[in-house]
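Structure assessment
Spelled out from the first residue to the last, the chains are:
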Amino acid sequence: MSVERKLQLALERAVELGEHGVQIAAYVNGERVLSGAIGSMNDAGTPVTEDTLFPIFSVTKGLAATAVHIQAERGLLEYSEPVATYWPEFGAHGKDSITVQDVLVHQAGVPQMPAGTSPEKLADWDWCVRGLADLEPLFPRGKSAYASISYGWLLGEVVRRTDTADRSFSDYIQQEIFDSLGIEEYYLGMGGRNHERVAQLYTAGGLRPQPSQYRSLAMPESITPGPIWNDPVFYDAVVPGAGGIANADSVAKFFGLLANEGESNGTRLLSQARVRSFTEPRPNSDEHDEVLGQTPWVGVGGYWLGGTTPPAEPIIGTNPNVLASNGSGGSIGWADPDTGLSAAICHNRMFRINPPLPPEEHPFTDLGDLVRSLVS
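The structure displayed is predicted, hence computed values, not measured ones.

Focus: the side chain of Gln112
Mapped onto the secondary structure, Gln112 falls in the loop between helix 4 (100-104) and helix 5 (119-122). In terms of polar contacts, Gln112 uses its side chain to reach the backbone carbonyl oxygen of Glu136, at 2.8 Å. Not counting the four nearest positions on each side in its chain, Gln112 is found in contact with Leu132, Leu135, Glu136, Leu138, Ser150, Leu217 and Ala218.

Spelled out as structure tokens, the structure:
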């Protein structure tokens, strides 16, 4: 059976399992080897195409982590240094010893958002970072506490403070990553553009586990995926921990940087050794996270790792060297440095990912199997 026919059957299987619209892309050694789409992007039944854009939520965390790694590669920051070295205000209320590394791996102890967070406040970078700097830790440093949405500002402000060109974080991402890698359809703040191309999101029901006090603090109800899913205010805000809008091709192309050990589009942004170091599990890697409600299988670079499910995401496979970012509701991007494979799946039906769905219930199982077969 041809790859094209297998792709069509895998996409149809996703729809059989409840998907509205799905988009997939894969690259091997920088060359696109797979691309497809199926279903509808909205209530009007507009077909999903390769150009449709999707909110990808925490897939965006991979972008924020990569920006930190680029700054480290350039000698502008050290992972082991306190965040307050670069952002002095953050050291308030006993946070002076929290390191950049702690934030990268969700062990900083401050997963919460400031009181008063709203969709409109998400668009105010200075308000967000001032509020985060003034927080008191909920957990001791070193304990797993998933920073559901604050992650992006915590890392993004460190990048902004160490940027020798003194740019906004969105400009840094655009110029240093997107422009360098030839990525055209990945937005960190849409600036009022292309809203009509963004897919309408739907809930599959049972998306979130029963909220704990910590989960509700890390992801306040006012900004939980749901009320602001389809709000242009959210599209235009720069939310580097959960606000990316992209198509699968651009996400897969971004992960090609990791799949090809730090080089893509003829540009090297990270050393091979640095990328390989990301595959080491974080300290206390099997610790249950009270915010997330599961064990985050995260490496020292801040990316999720391949492995046995649970805790690993099943779609990316069991290779422990795989680096991934998965988003609320099921969108995902990943890279396999062992084979040069990078891939992404974007969609518009939000289903449960915490804990991961078993393979027989997961709408993307056949797609993941097909992608990995391209390099097996």
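Structural notes on the nonpolar core
In terms of nonpolar packing, the biggest core is built from 90 residues, with Trp87, Leu122, Ile149, Trp153, Ile173, Tyr186 and Leu258 touching the most fellow members. With residues up to four places along the chain from it excluded, the contact list for Trp87 reads Val129, Leu132, Ala133, Trp153, Leu154, Glu157, Val158 and Arg161.

Considering the layout of surface pockets
Considering only enclosed or pocket space, the largest pocket measures out at about 180 Å³ in volume. Lining the largest pocket, in full, are Tyr27, Asn29, Gly30, Leu181, Lys253, Gly256, Asn260, Glu263, Ser264, Asn265, Gly266 and Ser342. Of all the secondary-structure elements, those providing two or more residues to the lining of the largest pocket are helix 11 (248-259) and strand 7 (263-264). The residue makeup of the lining of the largest pocket, split by class, is 2 nonpolar, 8 polar and 2 charged.

Description of the pattern of salt bridges
In this structure the tally under the stated criterion is 19 salt bridges. Residues Arg274 and Glu73 are paired through a salt bridge, measuring 2.5 Å at the closest nitrogen-oxygen approach. Here Glu73 lies in helix 2 (residues 61-73) and Arg274 lies in helix 12 (residues 272-277), a separation of 201 residues in the sequence. We note a salt bridge from Glu261 to Arg276, for which the minimum N-O separation is 2.8 Å. Taken together, the positions of Glu261 in the loop between helix 11 and strand 7 and Arg276 in helix 12 put the pair 15 residues apart, joining distant regions of the chain. Overall, Arg276 belongs to the partly exposed group, its relative accessible area being 29%. Within the structure, one salt-bridge network assembled from shared partners comprises Arg74, Asp163, Arg167 and Glu176.

Thoughts on the packing of helix 2 against helix 8 (residues 169-181)
Orientation of helix 2 relative to helix 8, taken along the N-to-C sense of each, is 75°, at an axis distance of 11 Å. Judged on the interaxial angle alone, helix 8 and helix 2 are roughly perpendicular. Residues Leu63, Ala64, Thr66, Ala67, Ile70 and Gln71 of helix 2 form the contact with helix 8, whose own contacting residues are Phe169, Tyr172, Ile173, Ile177 and Phe178.

Topic: the pairing of strand 2 (residues 31-39)
The pairing of strand 1 (residues 21-28) with strand 2 spans 8 bridges and is classified as antiparallel. Bridge pairing in strand 2 places Ala25 opposite Ser35.

Notes on the sheet that holds strand 12 (residues 341-347)
The strand order 2-1-12-11-10-9 describes an open sheet built from 6 strands, whose pairing is antiparallel. Because the sheet does not close on itself, it has two edges, and the strands there are strand 2 and strand 9 (304-305). In the sheet, strand 11 (residues 332-336) pairs with strand 12 via 5 bridges, with the strands oriented antiparallel. Of the residues in strand 12, the one forming a bridge with Ile332 is Ile345.

A word on the environment of Ala37
With respect to the secondary-structure elements, Ala37 resides in strand 2. For Ala37, a relative accessible area of 27% corresponds to the partly exposed category. Sequence separation of Ala37 and Glu12 is 25 residues, and the distance between their C-alpha atoms is 9.9 Å. Beyond its immediate sequence surroundings of up to four residues, Ala37 is in contact with Leu11, Val22, Gln23, Val48, Thr49 and Glu50.

With respect to the packing of aromatic side chains
This model, assessed by the stated rule, comprises 10 aromatic pairs. Arranged with centres 5.1 Å apart and planes meeting at 35°, the rings of Trp87 and Phe90 form a pair that is tilted. Each member of the pair, Trp87 as well as Phe90, is classed as buried. Judged by centre distance (5.8 Å) and plane angle (25°), the ring pair of Trp125 and Phe169 falls under stacked. Of the two residues, Trp125 is situated in helix 6 (residues 125-133) and Phe169 in helix 8; the sequence distance between them amounts to 44 residues. An aromatic cluster of three or more residues is present, and its members are Phe178, Tyr186, Phe254 and Phe255. Above the ring of Phe90, the side-chain terminus of Lys95 is found at 5.0 Å from the ring centroid.

What counts and what doesn't
- Each residue is numbered by its place in its chain's sequence as written, counting from 1.
- Only residues with pLDDT of 70 or above have their local features reported here, since the model is predicted, and side-chain atom pairs are shown and tallied only from 80 upward, although totals for entire chains, interfaces and linings are computed over all residues.
- Hydrogens and waters are ignored; side-chain quantities use all the structure's heavy atoms.
- Each helix is a run of DSSP H or I of at least 4 residues and each strand a run of E of at least 2, with the numbering of both proceeding from the N terminus.
- As used in this structure description, the phrase polar contact means that two N or O atoms lie within 3.5 Å; if the pair is within protein, one of them must be able to donate a hydrogen and the other to accept it, and residues adjacent in sequence are counted only when both atoms belong to side chains.
- Every residue pair with non-hydrogen atoms within 4.5 Å of one another is taken to be in contact.
- Remark: nonpolar core denotes a set of buried residues (Ala, Val, Leu, Ile, Met, Phe, Trp, Tyr, Cys) joined through side-chain atoms within 4.5 Å.
- Relative accessibility decides the category of a residue: with a 1.4 Å probe and only protein chains considered, values under 20% of the type maximum give buried, values over 50% give exposed, and everything between is partly exposed.
- The distinction between a cavity and a pocket rests on a 1 Å grid over the protein atoms alone: a 1.4 Å probe fits inside a cavity but cannot get out, while a pocket stays open yet meets protein on both sides within 12 Å along at least five of seven lines, and a residue with an atom within 4 Å of a point counts as lining.
- Grid points are joined across faces, edges and corners, and a volume is the space filled by probe spheres set on the points.
- As a working rule, the residues Ala, Val, Leu, Ile, Met, Phe, Trp, Tyr, Cys and Pro are called nonpolar, Asp, Glu, Lys and Arg charged, and the rest polar, with Gly in that last group.
- Salt bridge, as used here: a side-chain nitrogen of Lys or Arg that lies within 4 Å of a carboxyl oxygen of Asp or Glu.
- Lines are fitted to the C-alpha atoms to define the axes, a helix being fitted only along its stretch in contact, and any angle between axes, read from their N-to-C directions, falls within 0 to 180 degrees.
- Relative orientations are named as follows: roughly parallel for angles under 35 degrees, roughly antiparallel for angles over 145 degrees, roughly perpendicular for angles from 65 to 115 degrees, and oblique for any other angle.
- In this scheme, strands are said to pair when DSSP sees at least two bridges between them.
- Two aromatic rings from Phe, Tyr or Trp, using only the six-membered ring of Trp, form a pair when their centres are within 6.5 Å; if the ring planes differ by under 30 degrees the pair is stacked, by over 60 it is edge-to-face, and anything between is tilted.
- Criterion for a charge above a ring: Lys NZ or Arg CZ within 6 Å of the ring centre, and within 35 degrees of the ring normal.

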